[in-house]
Amino acid sequence: MMKIEADRAKCDGLGMCEAMAPDFFEVGDDGTVVVLDERPGEEYRQDLSAAVDACPVLALKLRD
Amino acid sequence: MTLVVVGASLAGLRAVEAARRDGYRGRIVLIGAEDHPPYDRLPLSKAFLDAEGPGRIEPFHSEAALRDELGVEPVLGAPADGLDTTAREVAVDGRTVSYDALVIATGATARRLPGSEGIAGVHTLRTAEDALAVRAALDRGARTVVIGAGFIGSEVAAAARKRGLSSTIVEALDVPLIRSVGAEAGAVCASLHREAGTELWLSTTVTGLEANGGVVTGVRLASGEVLPADLVVAGIGVVPATGWLAGSGVPLHERDGGVVCDATLATGVPGVYAAGDVAHAENPLFDGELMRLEHWTNAAEQGAAAARHAFAPESARALAPVPYFWSDWYGHRIQFVGTPRADEVVTAVPASGGFTALYRRRDRIVGALTVDRPREIMKYRRHIAGRAPWPEALAFAAATAA
Ligand SMILES: Cc1cc2nc3c(=O)[nH]c(=O)nc-3n(C[C@H](O)[C@H](O)[C@H](O)COP(=O)(O)OP(=O)(O)OC[C@H]3O[C@@H](n4cnc5c(N)ncnc54)[C@H](O)[C@@H]3O)c2cc1C
Ligand code: SF4
């Protein structure tokens, strides 16, 4: 199963991930990302890859 | 098949990455005027200017990785200097490279201050070299004068203040950023400068520079006054880099010479697409308005889409992006989504707990600006993308204002 990894130290809170996949990412009040569901189903792979690629600071990874 | 991408920065890189990700195995040539492989400009006016910032600029991929991992032929340090759209050839470095598909991603060049040639200490901030020079001046404790209160100039002023150096911004308009965020939000942004101790001269025109021995010493104003300076950074806008397209038949915008394309990024010339800061693209989300955006996310998205569409024009889909940019000054985060061209702007959260301004066109929300409200901005982006009715956006703002 896929796993979303977010490096909160790298995250700059820019919210691109939230824009691409709002069901999985949300920027919190402290300005860093919260992963809403770390183990998404396979059907979300495309949306999640788009979110990972959109992060300007490369804070996100998808692991299999 | 050969894909040629001209412009080796964010949009160009995302174009070649998307082509490979989609399984394209053919030849890719990436032509770039700079000596470096593609690197990120974002940090150049931010972390890179910090006293403890990174000492060097790391590219997204090394030249070897571009070659070996992405299978790209990089032609770096060599600007394309002509395009023949009939023969489908790009001229570079005294030779020609043939293409089947071409992505134009040559971005924009910073406008220079007239009369600054040959005066040391006067810079623009667009390239790695520019950033190194500005940083070195800050390291020497320069008194900084920024000309133009746009986002990049404002970030430079903030970087100088962060080091405890004096910083001054001179702006010709009476409200900074009025074109990018409107008057009210521009005034709020201006107040961030003043609170942080940056001197802000509005409605002020620069008439020249003072120099001593070829080194800048001051900025002369229309009033005759001279602001002392060891470092002058001009943030007075950019010009699309399309000189090499003269006579090629690729449509150029009459105002600024940027490449005009439709919502699929097609230029109308067979096989030729454009992406990033160079491109004016129609945006169906905002009444088909032609938009030339100078934003990171736009360059990344358009770069990838342009390559995909160049290979499969029949399955090309119109892009309807919600523009998004952000900027960091004095520890405050300014974020903007959508367009500031509106019938009405409403302040939804007053400046004490951060600031939110919403932009209405007819009966829907078309833009939102926030200061220090990182949690909300992407929700507004969704409202805008979904053409949400104005009352809905106002209700959301009221619910989050506390
Ligand atoms: C200092 C700075 C800070 C920024 N901060 C932010 C921010 O906080 N948020 C945000 O959203 N955006 C920001 N941006 C904007 C963002 O970086 C740009 O939108 C993005 O770089 C555009 O990418 P591009 O590939 O379209 O063009 P560019 O980055 O301009 O790259 C174009 C490339 O093409 C090359 N080129 C030009 N002519 C030729 C030719 N004839 N042949 C070959 N190569 C050529 C150029 O040398 C250049 O390398 C910032 C920009 C700068 C400069
Ligand atoms: S896109 Fe990257 S930086 Fe932005 S919130 Fe998501 S993880 Fe953080």
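Only a predicted model underlies this, so the values are computations on that prediction, with no experimental measurement involved.

Conventions adopted
- Residues numbered from 1 in each chain as written.
- Chains lettered and ligands numbered in written order.
- Predicted model: local features only at pLDDT ≥ 70, side-chain atom pairs only at ≥ 80, totals over all residues.
- Heavy atoms only, no water.
- Domains from an automatic or database assignment.
- Contact = heavy atoms within 4.5 Å.
- Buried area = accessible area lost by both parts, 1.4 Å probe.
- Salt bridge = Lys/Arg side-chain N within 4 Å of Asp/Glu carboxyl O.
- Polar contact = N/O pair within 3.5 Å; in protein donor to acceptor, adjacent residues only side chain to side chain.
- Buried < 20%, exposed > 50% of the residue type's maximum accessible area, 1.4 Å probe, protein only.
- Helix = DSSP H or I, 4+ residues; strand = E, 2+ residues; numbered from the N terminus.
- Pairing = 2+ DSSP bridges.
- Right-handed = clockwise from strand over helix to strand, strands pointing away.
- Axes fitted to C-alpha atoms, helices over the stretch in contact; angles between N-to-C directions.
- Parallel < 35°, antiparallel > 145°, perpendicular 65-115°, else oblique.
- Left-handed = near helix turned anticlockwise from the far one by under 90°.
- Near = heavy atom within 4 Å.
- Areas by Shrake-Rupley, 256 points an atom, 1.4 Å probe, with all protein chains shown as cover.
- Nonpolar A, V, L, I, M, F, W, Y, C, P; charged D, E, K, R; others polar.

## A look at the domain arrangement of chain B
Residues and elements named next belong to chain B. Its domain assignment divides chain B into domain 1 (2–109 + 238–315), domain 2 (112–234) and domain 3 (331–401). In this complex, domain 1 contributes seven residues to the contact, which on the side of domain 3 involves eleven residues. Broken down residue by residue, the surface that domain 1 buries against domain 3 is led by Leu285, Phe286 and Asp287, which jointly contribute 67%. One can count four salt bridges joining domain 1 with domain 3. Our enumeration of links across domain 1 and domain 3 arrives at five residue pairs in polar contact (both at pLDDT 80 or more).

## Points about unusual backbone geometry
Residue and element names in this part refer to chain B. Residues other than glycine seldom take positive phi values, yet Leu177 does so here, at roughly 65°. Classification of Leu177 as buried rests on a relative accessible area of 7%. Despite not being glycine, Arg387 has its phi angle at roughly 50°, a positive value. Within the fold, Arg387 resides in the loop between helix H8 (377–385) and helix H9 (390–400).

## Topic: the pairing of strand E10 (residues 144–147) of chain B
Residue and element names in this part refer to chain B. The alternating pattern of E10 places Thr144 and Val146 on one face and Val145 and Ile147 on the opposite face, and all of these are buried. Where E10 and strand E11 (residues 167–170) come together, four bridges link them in parallel fashion. Along E11, the bridge assignment pairs Ile147 with Val170. For the handedness criterion, the β-α-β arrangement of E10, helix H4 (residues 151–162) and E11 is classed as right-handed. Where E10 lies against strand E16 (residues 231–234), four bridges are found, and the strand directions are parallel. Following the sheet pairing, Ile147 is matched in E16 by Ala234.

## Considering the packing of helix H1 (residues 10–21) of chain B against helix H7 (residues 296–311) of chain B
Residue and element names in this part refer to chain B. Two elements in contact, H1 and H7, have axes separated by 7 Å at closest approach and are oriented at 45°. Here H1 lies oblique to H7, going by the angle between them. Crossing hand, H1 versus H7: right-handed. Contacts from Leu10, Ala11, Arg14, Ala15, Ala18, Ala19 and Arg21 of H1 reach H7 at Trp296, Ala299, Ala300, Gly303, Ala304, Ala307, Arg308 and Phe311.

## Topic: the site of ligand 1
Residues and elements named next belong to chain B. Around ligand 1 sit 34 residues in total, of which Ser9, Glu34, Arg41, Lys46 and Arg126 are the nearest. Glu34 is positioned with one of its side-chain polar atoms (N or O) 2.5 Å from an oxygen atom of ligand 1. At 3.0 Å, a backbone N or O of Trp296 approaches an oxygen atom of ligand 1. When ligand 1 sits alone it has 1000 Å² of accessible area, and the protein chains cover 93% of it. When residues of the shell around ligand 1 are traced back to their parent elements, those giving at least two are H1, strand E2 (27–32), H7 and strand E22 (324–329). Residues that form the shell around ligand 1 fall into these classes: 20 nonpolar, eight polar and six charged. Formed jointly, the shell around ligand 1 draws a minimum of three residues from each of two domains, domain 1 (2–109 + 238–315) and domain 2 (112–234).

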